[in-house]
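The primary structure of each chain is shown beneath.
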Amino acid sequence: MIDEPVHDAPEPIATLNTTPLVDVMLVLLIIFLITVPVVATQAPVRLPHATASPVEEARDSVSVVVHRDGRVSVAGAEVAGPALSAALQEVAGRQPVPPVHVRADAEVPYAAVGRVLAACRRAGLSRIGFITQPAEPGA
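This is a predicted model, so every value here is computed, not measured.

What the rule picks out here adds up to four salt bridges. Between glutamate 78 and arginine 71 there is a salt bridge, and its shortest N-O distance comes to 2.9 Å. Among the ionic pairs, arginine 94 bridges to glutamate 90, the shortest N-O distance being 3.4 Å. Under the relative-accessibility criterion, arginine 94 is labelled partly exposed at 33%. Judged by relative accessible area, which is 45%, glutamate 90 ranks as partly exposed. Salt bridges sharing partners connect three or more residues here, namely Asp69, Arg71 and Glu78.

Close reading of the predicted structure is inappropriate where its pLDDT is low. Looking at the chain, pLDDT values average 78 and 75% of them are 70 or higher. Within the chain, helix 3 (residues 110-123) carries the highest mean pLDDT (88), whereas strand 5 (residues 128-130) carries the lowest (84).

Counting 21 residues, the largest nonpolar core has Val64, Val74, Leu84, Leu88, Val116 and Leu125 as its most contacted members. It is helix 3 that contributes the most residues to this core, six residues altogether. Those residues within four positions of valine 74 in sequence are excluded, and the remaining contacts are Val62, Ser63, Val64, Val79, Leu84, Ala87 and Val91.

With that out of the way, let us pick up the pairing of strand 1 (residues 62-66). Burial along strand 1 is one-sided: Val62, Val64 and Val66 are buried, and none of Ser63 and Val65, which face the opposite way, are. Here strand 1 runs beside strand 4 (residues 100-104); their pairing, made up of five bridges, is parallel. Along strand 4, the bridge assignment pairs serine 63 with histidine 101. Note: strand 1 against strand 2 (residues 72-74), three bridges, orientation antiparallel. In the strand pairing of strand 2, valine 64 is matched with valine 74. The hairpin turn running from strand 1 into strand 2, its antiparallel successor, is five residues long, and glycine 70 in that turn takes a positive phi close to 100°.

This next bit is on the sheet that holds strand 4. Ordered in space as 3-2-1-4-5, the five strands form an open sheet in which the pairing is mixed. A strand with exactly one partner marks an edge of an open sheet, and here the two such strands are strand 3 (77-79) and strand 5. Averaged over neighbouring strand pairs, the angle between their axes works out to 30° when direction is ignored. Along the sheet, helix 2 (residues 82-92) makes contact with strand 1, strand 2 and strand 3, crossing strand 2 at roughly 25°. Where helix 3 meets the sheet, its contacts fall on strand 1, strand 2, strand 4 and strand 5, and the angle it forms with strand 5 comes to roughly 155°.

Definitions and limits used
- Residues numbered from 1 in each chain as written.
- Predicted model: local features only at pLDDT ≥ 70, side-chain atom pairs only at ≥ 80, totals over all residues.
- Heavy atoms only, no water.
- Salt bridge = Lys/Arg side-chain N within 4 Å of Asp/Glu carboxyl O.
- Buried < 20%, exposed > 50% of the residue type's maximum accessible area, 1.4 Å probe, protein only.
- pLDDT = per-residue confidence, 0-100.
- Helix = DSSP H or I, 4+ residues; strand = E, 2+ residues; numbered from the N terminus.
- Core = buried A, V, L, I, M, F, W, Y, C linked by side-chain atoms within 4.5 Å.
- Contact = heavy atoms within 4.5 Å.
- Pairing = 2+ DSSP bridges.
- Axes fitted to C-alpha atoms, helices over the stretch in contact; angles between N-to-C directions.

Here it is, written out as structure tokens:
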């Protein structure tokens, strides 16, 4: 018997299967449609009024007060300019490092509080809390 080539074998399919590509593109389109409005929306910031349960201050905590006129006091002593950094460095040098509680007047500009927080971070203080008045009932 002579070996004859078999011509009945099916030809390979030479088309691309685009179904997985279309599925991936639809998922990406849905993600894009959901995230764009969230990123593009610029709304004015209105901070919420929240109530928190009172927490007793630790005895070893250091109080930093930002007064209405911008003066800053650390542990009851008024400091200004470079003295703030020096006072916070002294606090950071204590062992164990005490937490810092910031008390800022409600009328103080945000920038003044931001400067105090930046000075705390530069001094290496990471345990920083804000002391506030409890919300009035019905407010």
